[in-house]
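A structural walkthrough
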Amino acid sequence: MSESTFDFLKEYNEDAFALALDMERQYHIDPDAALTYSRKFIEELAKDMMWRDKLTKSTISLIEMIRLIQGAHVLSSKSIDDLHYVRKLGNNAAHNSSTESSVHLTRVHKAMFDIAVDYVTRHFDVPNLPHYTLPTIPTLASPQMDEKSIKDILMKLLDENGLTVAPVELPKNIPSLVEAKRPAIRYLNNDVQDNYLYTYISRLQETSKDAVENGNDPLGELSDYLHVDRKIQLELVEKLKKTSEKQLILLCGNVGDGKSHLLSYVQKKYPELLSDYTIYNDATESFDPTKTAVETLSERLNDFSDQRLHDNVNSSKMILAINIGMLAKFLDYSNEDSEYTYSSLKKFVDQTNVLKPGNTSNVPSQSFTLFNFLSYQPYELTENGPKSTFYSILLEKICSDTPNNPFYDAYRIDRENKVDTILHRNYALLSQKNIQDQIVQVLIELIVKHHVLISVRNFFNLISDLLIPINWSELKHITVKPLSMLKYGLPEQLFNRPERSSLLNQIAKLDPLRTRHREIDNLFLSLYTGGEVDEIIEHLDENTQSFYSPDQVDNIQEWTGQLIRLMVLSNPVFSKKIMDSVYQNYLQFLYQYNKGDTRRLQPLYEISSSAYYKWFGSPKPFYVYTKKITKRHRIAFKAEIEGNPSNIKSSTETILSKFSSIILLDFNKKGDERNLAKLEIDYPLFQLFMDIQDGYRPTKDDDHRSIKFLEFAEKIHEMCTSPSEIMIVTEDSKQAYLLSQDRFGTRSFKHMGTAEE
């Protein structure tokens, strides 16, 4: 009977074999010890390869040995990745005991096996290799051993390790066992700064060590608690469950959008699905200082190159987390001296449209799969407006009064200890559902209107900024008064602190005090002409009112703006009254476009074509100005266009979570549907269209900001311009004349009356 899956190694390297056995013996007993042995195992193999392949005679570190092995192509690129992975975990286990170590063991053991197989097949003539198996759980006692024998062995083990079974008194500064089970204490390891709630909220900051996930390692405990399932995660897991052949999975997106977090989550929850995969999480990194990141990536992906994609030598599997910009740069990279080319991968990526605006297409491929984070919006579209399940659940996880919430438990501990700061008041405000919902709506509006990318990291940092004022060191010991709430309360932190971060700088653009609206103007007017502050306070719910006592503040008119910001956040009825109508209309069109409701999109086609004529000027219906031929004359041509909705796809879903964030409309010259001009409409362009409808005339700055629209217009010009007909308009008298030529060459010059303004 085989003792270990590494039995085949005994004949070729007894020392490495012995270390593999040591690792397997500790596998189910001491994860940190097992990981330490795994590092010793790969170091032994590396030393042997240094000698066999004559790479160096000097004594060097393990990481230097791995780099030499990589440069000499002694092992495959997957084995190099596995060596780095095992080395890092072994180092961590040797120096820092962790409750997460056991999560890594399955993949580490498989990596050791794969490295060993690669090692022996490249250096020896190996007749047969075993199938991979996990270490078996050791039998603690034989059937003949009675309970007393087992107890004697356990007592002996305790005694040999200097342990005792006698009860010991816990130090007074260590929480009791009951207290240690509290969520706020369990995650902290007694490292409390200022107060429990501050300690937790500060861990949400971008500068916190908890802010960045590795992607090659499982999630930490707090990140695991904060995790929210997303559609892209569910689809990735399903793909991993079904894939058995050679496969490159591309996770594409932007910086901070959750690629590393997703990989860490899958590492922790589904380690068995990743046991055959190499994870390449930082495609912008180069381990070799003589090579660029693109050159390094080209080497790492060589198993998926045109030269090796369809060979039967290997069945490599890799997950590549890569930013869109880096992917485009890699696919455009060419090097005549390189032995690897990637035309098959490039063709696949082009077919997915991931590098173009709009939705990414699902393209069937035997070797490639692509998931694009940019296609999975952080919010959903519904018939009644947008919502964000993702952001809402994150806020619930931070603020909900539930048994396993360490944030709320930290708040509760502080309150039990009579700790009451501006942070705790802001946290209580954030815990209110109305305020959470409105903050989510503010974030969605920011994403739609200003194309702001709000990563999970950005979101958590925002929550920290909303709750902890920038002058926290001054405020943490000060008794909270009504004036403090007005100056440092959550509404002010959200709308009136643009200097704190780039995200808050963008949110300041949505400050309700910057909006000219009758409802807000009436409130200001009322207060400044002798009205009562109760006109504002009565609009707040009871919970919010309890944090503000404006009757205790002199000259309440000075704080009208702060109270209006509070009312916008806490009163959904008032918020709806002052909502931007253009924004609401755009969201309706965006929903109908992604639903494929072409009938209800018809007004948008009409708005767009009308804006086209008004942008350039139209002397007569369906005619568009091009340029002046003299100082006194302008030329126009006939451009009778119509909307063409034939390419819009329909959806049966009522709540859209995967959709295009821009609207793509097709237009054609009337009577000719073969040639189409595509118009990309985002919110800023739609806003400009609506301004034009109200009489606004575009400027050169608008031209610079609307390049996509001008490209669309140029396409229309090309489709509609005819050499047989032009209109000439005089600048002074605005008289229009039509110069035309029929198919027989007969020319005519006709007065068309006065041109329209």
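Look a little higher up for the structure.
Residues numbered from 1 in each chain as written. Predicted model: local features only at pLDDT ≥ 70, side-chain atom pairs only at ≥ 80, totals over all residues. Heavy atoms only, no water.

Quick look at the overall build of the chain
The secondary structure content of the chain amounts to 34 helices and 14 strands. Looking at the chain as a whole, 49% of its 757 residues qualify as buried. When contacts within the chain are restricted to residue pairs at least 6 apart in sequence, those whose partners lie at least 24 apart make up 69%. Per element, the accessible surface of the chain, about 38,800 Å² overall, is 49% carbon and sulfur. (Helix = DSSP H or I, 4+ residues; strand = E, 2+ residues; numbered from the N terminus. Buried < 20%, exposed > 50% of the residue type's maximum accessible area, 1.4 Å probe, protein only. Contact = heavy atoms within 4.5 Å. Areas by Shrake-Rupley, 256 points an atom, 1.4 Å probe, with all protein chains shown as cover.)

Notes on the sheet that holds strand β1 (residues 247-253)
Strand pairing within a sheet occurs via backbone hydrogen bonds; the two strands may be parallel or antiparallel. What the four strands build is an open sheet, ordered β2-β3-β1-β4; its pairing is parallel. Strands with a single pairing partner mark the edges of an open sheet, and in this sheet they are β2 (278-280) and β4 (368-372). Looking at each pair of strands side by side, their axes are set apart by 15 degrees on average, direction ignored. With seven bridges connecting them, β1 and strand β3 (residues 317-323) associate as parallel partners. Bridge pairing links I249 to I319 in β3. Relative to the sheet, helix α11 (residues 231-242) contacts β1, β3 and β4, its axis offset from that of β4 by approximately 170 degrees. (Pairing = 2+ DSSP bridges. Axes fitted to C-alpha atoms, helices over the stretch in contact; angles between N-to-C directions.)

Observations regarding unusual backbone geometry
Positive phi outside glycine occurs at F622, with the angle close to 70 degrees. Topologically, F622 is positioned in the loop between α31 (598-616) and β6 (623-630).

A short note on the pattern of salt bridges
As enumerated under the stated definition, the model contains 33 salt bridges in all. We note a salt bridge from D114 to K78, for which the minimum N-O separation is 3.1 Å. Within this pair, whereas D114 is found in helix α5 (residues 101-123), its partner K78 is found in helix α4 (residues 77-95), the two being separated by 36 residues in sequence. Since its relative accessible area comes to 17%, D114 is described here as buried. (Salt bridge = Lys/Arg side-chain N within 4 Å of Asp/Glu carboxyl O.)

Looking at the pairing of strand β11 (residues 677-681)
Burial along β11 is one-sided: A677, L679 and I681 are buried, while K678 and E680, pointing the other way, are not. Of the pairings in the sheet, the one linking strand β10 (residues 663-669) to β11 comprises five bridges and is antiparallel in character. Bridge assignment links L665 to a residue of β11, and that residue is L679.

Quick word on empty space enclosed by the protein
In total, this model carries four cavities of 30 Å³ or more according to the counting rule given. What the largest cavity holds in volume is close to 60 Å³. Mapped by element, the contributors of at least two residues to the lining of the largest cavity are α4 and β3. Residue contributions to the lining of the largest cavity peak at three residues, all from α4. For the lining of the largest cavity, a count of residues per class yields two nonpolar, three polar and five charged. (1 Å grid on protein atoms, 1.4 Å probe; cavity = no way out; pocket = protein on both sides within 12 Å on 5 of 7 lines; lining within 4 Å. Points joined across faces, edges and corners; volume = space filled by probe spheres on them. Nonpolar A, V, L, I, M, F, W, Y, C, P; charged D, E, K, R; others polar.)

Points about the sheet that holds strand β8 (residues 641-643)
Pairing is antiparallel in the open sheet, where three strands are placed in the order β8-β10-β11. Lying at the two open borders of the sheet, with one neighbouring strand each, are β8 and β11. Each strand of the sheet is rotated relative to its neighbour by a mean of 35 degrees, with strand direction disregarded. As paired elements, β8 and β10 share three bridges and run antiparallel to each other. The residue bridging G643 from the neighbouring strand is F667, located in β10. Packing of helix α30 (residues 581-595) onto the sheet brings it into contact with β10 and β11, and relative to β10 it is tilted by some 75 degrees.

Quick look at helix α14 (residues 324-332)
All of the buried residues along α14 are I324, M326, L327, F330 and L331. The buried residues of α14 occupy an angular sector of 160 degrees when projected down its axis, which confines them to one face. The outward face of α14, more than 90 degrees from its buried face, is lined by the exposed residues G325, K329 and D332. (Arc of directions from axis to C-beta.)

A look at the packing of aromatic side chains
Here the structure, examined in full by the defined rule, presents 32 aromatic pairs. Between F6 and F113, the ring centres sit 6.3 Å apart and the planes meet at 70 degrees, which makes this aromatic pair edge-to-face. One end of the pair, F6, is in the segment before α1 (14-26); the other, F113, is in helix α5, and 107 residues separate them in sequence. The exposure classification of F6 matches that of F113, with both residues buried. (Phe/Tyr/Trp six-rings, centres within 6.5 Å; stacked < 30°, edge-to-face > 60°.)

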